[in-house]
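# Observations on chain architecture
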Amino acid sequence: MKKSELRKLIAEYKKTELKSKKSKYKKLQVKLDQIGHRYYHETGRMLKSDLEDIT
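The present account deals with the structure reproduced in this document. (Residues numbered from 1 in each chain as written. Predicted model: local features only at pLDDT ≥ 70, side-chain atom pairs only at ≥ 80, totals over all residues. Heavy atoms only, no water.)

## Observations concerning the packing of helix H1 (residues 3-22) against helix H3 (residues 47-54)
At a closest axis distance of 12 Å, the pairing of H1 and H3 adopts a crossing angle of 90°. Here H1 lies roughly perpendicular to H3, going by the angle between them. Residues Ile10, Tyr13 and Lys14 of H1 pack against Leu47, Lys48 and Leu51 of H3. For the contact of H1 with H3, the class distribution of residues is four nonpolar, no polar and two charged. (Axes fitted to C-alpha atoms, helices over the stretch in contact; angles between N-to-C directions. Helix = DSSP H or I, 4+ residues; strand = E, 2+ residues; numbered from the N terminus. Parallel < 35°, antiparallel > 145°, perpendicular 65-115°, else oblique. Contact = heavy atoms within 4.5 Å. Nonpolar A, V, L, I, M, F, W, Y, C, P; charged D, E, K, R; others polar.)

In structure tokens form, the structure reads like this:
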């Protein structure tokens, strides 16, 4: 996966996370889990821990 694709994946995760905080739909949580799994599969690192390191 290219760096640009990883950035898009992170951006999509952040956007979905904001939506998830505003509403309690189970579908959004499933989507967050799928994005996190895909990120882990591609990089071998957890997305949440990488986001905490950035901020």
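## Quick look at the packing of H1 against helix H2 (residues 26-43)
One can describe the packing of H1 onto H2 by two numbers: an axis separation of 10 Å at closest approach and a directional angle of 155°. In terms of axis orientation, H1 runs roughly antiparallel to H2. At the point where H1 passes H2, the crossing takes the left-handed sense. Contact with H1, carried on its side by Leu6, Leu9, Ile10, Glu12, Tyr13, Thr16, Glu17, Lys19 and Ser20, involves Leu28, Gln29, Lys31, Leu32, Ile35, Arg38, Tyr39 and Thr43 of H2 and no other residues of that element. (Left-handed = near helix turned anticlockwise from the far one by under 90°.)

## Description of the side chain of serine 20
Secondary-structure assignment places serine 20 in helix H1. The exposure class assigned to serine 20 is buried, which follows from its relative accessible area of 14%. When near neighbours in sequence (up to four residues on either side) are disregarded, serine 20 contacts Leu28, Gln29 and Leu32. (Buried < 20%, exposed > 50% of the residue type's maximum accessible area, 1.4 Å probe, protein only.)

Such coordinate-based values are descriptive only and should not be taken to indicate function.
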